[in-house]
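Report on the structure
Residue-level listing of the chains:
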Amino acid sequence: EAGVAQSPRYKIIEKRQSVAFWCNPISGHATLYWYQQILGQGPKLLIQFQNNGVVDDSQLPKDRFSAERLKGVDSTLKIQPAKLEDSAVYLCASSPAVSTTYEQYFGPGTRLTVT
Amino acid sequence: AQTVTQSQPEMSVQEAETVTLSCTYDTSENNYYLFWYKQPPSRQMILVIRQEAYKQQNATENRFSVNFQKAAKSFSLKISDSQLGDTAMYFCAFGGSNYKLTFGKGTLLTVNP
């Protein structure tokens, strides 16, 4: 079974530029999560999708961050414009629609550096 | 809201020895799950062990075991016979009824040869 795929693995941009990250969850997983992990900290949930609908985006900075999950499979997270404090690893995770264990499966992450 | 606290930012252990990582949490829920995730330098987050709150028996997975104290809201991870490949960040996480995970800040474990 293929795992959660993310691209790119690394990205360096200047502040005020735009950037987009892509995630492909495990086949059949209805729930998709985007996390932001700042160096030295645990992951922080940005947004949670159930199929193509948003379940929770309470911690997403909506003035600059946006995310979509068209057709309920792949997802894209965008930052526009980027700030220095957005430098972090962006993790994507997925889980089955009905999970009795609450377990999430993580991708390798995208390391973003904003200069 | 749930909170997860890992009070040990860094720990080290000699190869083949045993080490215990601490985690405490706060919640008003009665049914939930607790997890330990491992994040090696390559960054892929991997599940180490899972504990259901309604089970009194502590979970074990080979060299990994937990000490779950529900009343004290404590969930520690014991790694026996430590190996060099165990070097990683370890995150304690709480999974509640909203299917979201709340993570602690992590403990960097270094296994020395």
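Structural notes, computed from the coordinates. Quantities reported herein were computed from a predicted structural model and do not represent experimental measurements. (Residues numbered from 1 in each chain as written. Chains lettered and ligands numbered in written order. Predicted model: local features only at pLDDT ≥ 70, side-chain atom pairs only at ≥ 80, totals over all residues. Heavy atoms only, no water.)

**Description of the interface of chain A and chain B**
Selection rule: Every residue pair with non-hydrogen atoms within 4.5 Å of one another is taken to be in contact. Here the quantity called buried area is the total loss of accessible area, with a 1.4 Å probe, experienced by two parts when brought into contact, counted for both. By definition here, a salt bridge exists when the distance from a side-chain nitrogen of Lys or Arg to a carboxyl oxygen of Asp or Glu is within 4 Å. Two N or O atoms form a polar contact when they lie within 3.5 Å of each other; inside protein one atom must be a possible hydrogen donor and the other a possible acceptor, and for residues adjacent in sequence the pair counts only when both atoms belong to side chains.
Tallying the contact residues gives 26 residues for chain A and 21 residues for chain B. Roughly 2000 Å² is buried in total at the junction of chain A and chain B, and carbon and sulfur atoms are behind 50% of that figure. The tally of links from chain A across to chain B stands at two salt bridges. Our enumeration of links across chain A and chain B arrives at five residue pairs in polar contact (both at pLDDT 80 or more).

**Overview of the state of the cysteines**
We count it as follows: Here, a disulfide means two cysteine sulfur atoms that sit within 2.5 Å of each other. Each helix is a run of H or I in the DSSP string that is no shorter than four residues. Each strand is a run of E no shorter than two, and both are numbered from the N terminus. Only protein chains enter the accessibility calculation, which uses a 1.4 Å probe; a residue is then buried when its area is under 20% of its type maximum, exposed when over 50%, and partly exposed in between.
Summed over all chains, the structure comprises two disulfides over all chains. The disulfide partner of Cys23(A) is Cys92(A), and the S-S distance across this bridge is 1.9 Å. In this structure, the disulfide formed by Cys23(A) and Cys92(A) twists by about -70 degrees around the S-S bond and is classed as left-handed. One end of the pair, Cys23(A), is in strand β3 (residues 19–24); the other, Cys92(A), is in strand β9 (residues 88–95), with 69 residues separating them in the sequence. What makes Cys92(A) buried here is its relative accessible area of 0%. Two residues share a disulfide in this structure: Cys23(B) and Cys92(B), whose sulfurs sit 2.0 Å from each other. Looking along the S-S bond of the Cys23(B)-Cys92(B) disulfide, the torsion reads about -70 degrees, which is the left-handed sense.

**Observations regarding the pattern of salt bridges**
Applying the stated criterion across every chain, the model contains seven salt bridges over all chains. Notably, a salt bridge pairs Arg50(B) with Glu103(A), separated by 2.4 Å at the nearest N-O pair. Highlighted residues: Arg50(B) in strand β6 (residues 46–52) and Glu103(A) in the loop between β9 and β10 (105–106), drawn from two different chains. Classification of Glu103(A) by relative accessible area gives buried; the value is 11%. We note a salt bridge from Arg63(B) to Asp86(B), for which the minimum N-O separation is 2.8 Å. Of this pair, Arg63(B) sits in the loop between β7 (60–61) and β8 (64–69) while Asp86(B) sits in the loop between β9 (74–79) and β10 (88–95); the two residues are 23 residues apart in sequence, bridging distant segments of the chain. Using a relative accessible area of 3% as the deciding quantity, one classes Asp86(B) as buried.

**Observations regarding the sheet that holds strand β1 (residues 5–7) of chain A**
All names here are of chain A. Our working definition: The criterion for strand pairing is that DSSP finds at least two bridges linking the strands in question. Every angle, taken between N-to-C directions, lies between 0 and 180 degrees, and every axis is a line fitted to C-alpha atoms, over only the stretch in contact when it is a helix.
Ordered in space as β1-β3-β8-β7, the four strands form an open sheet in which the pairing is antiparallel. In the strand order of this sheet, the two ends are held by β1 and β7 (65–68), each with one partner. Taking the axes of each pair of neighbouring strands and ignoring which way they run, one obtains an average angle of 15 degrees across the sheet. Across four bridges, β7 lies against strand β8 (residues 75–79) in antiparallel orientation. Each residue of the ladder has a partner; that of Phe65, found in β8, is Ile79.

**What about unusual backbone geometry?**
Residues and elements named next belong to chain A. Across the junction of Ser7 and Pro8, the peptide omega takes the value -10 degrees, indicating a cis bond. Residue position: Pro8 is located in the loop between β1 and β2 (10–13). Residue Pro81 is bonded to the preceding Gln80 through a cis peptide linkage, with omega at -5 degrees. Looking at the element boundaries, Pro81 is found in the loop between β8 and β9. Even without a glycine there, the phi angle at Arg16 is positive, about 80 degrees. Within the element layout of this structure, Arg16 appears in the loop between β2 and β3. Among the residues examined, Arg16 registers a relative accessible area of 64% and is labelled exposed.

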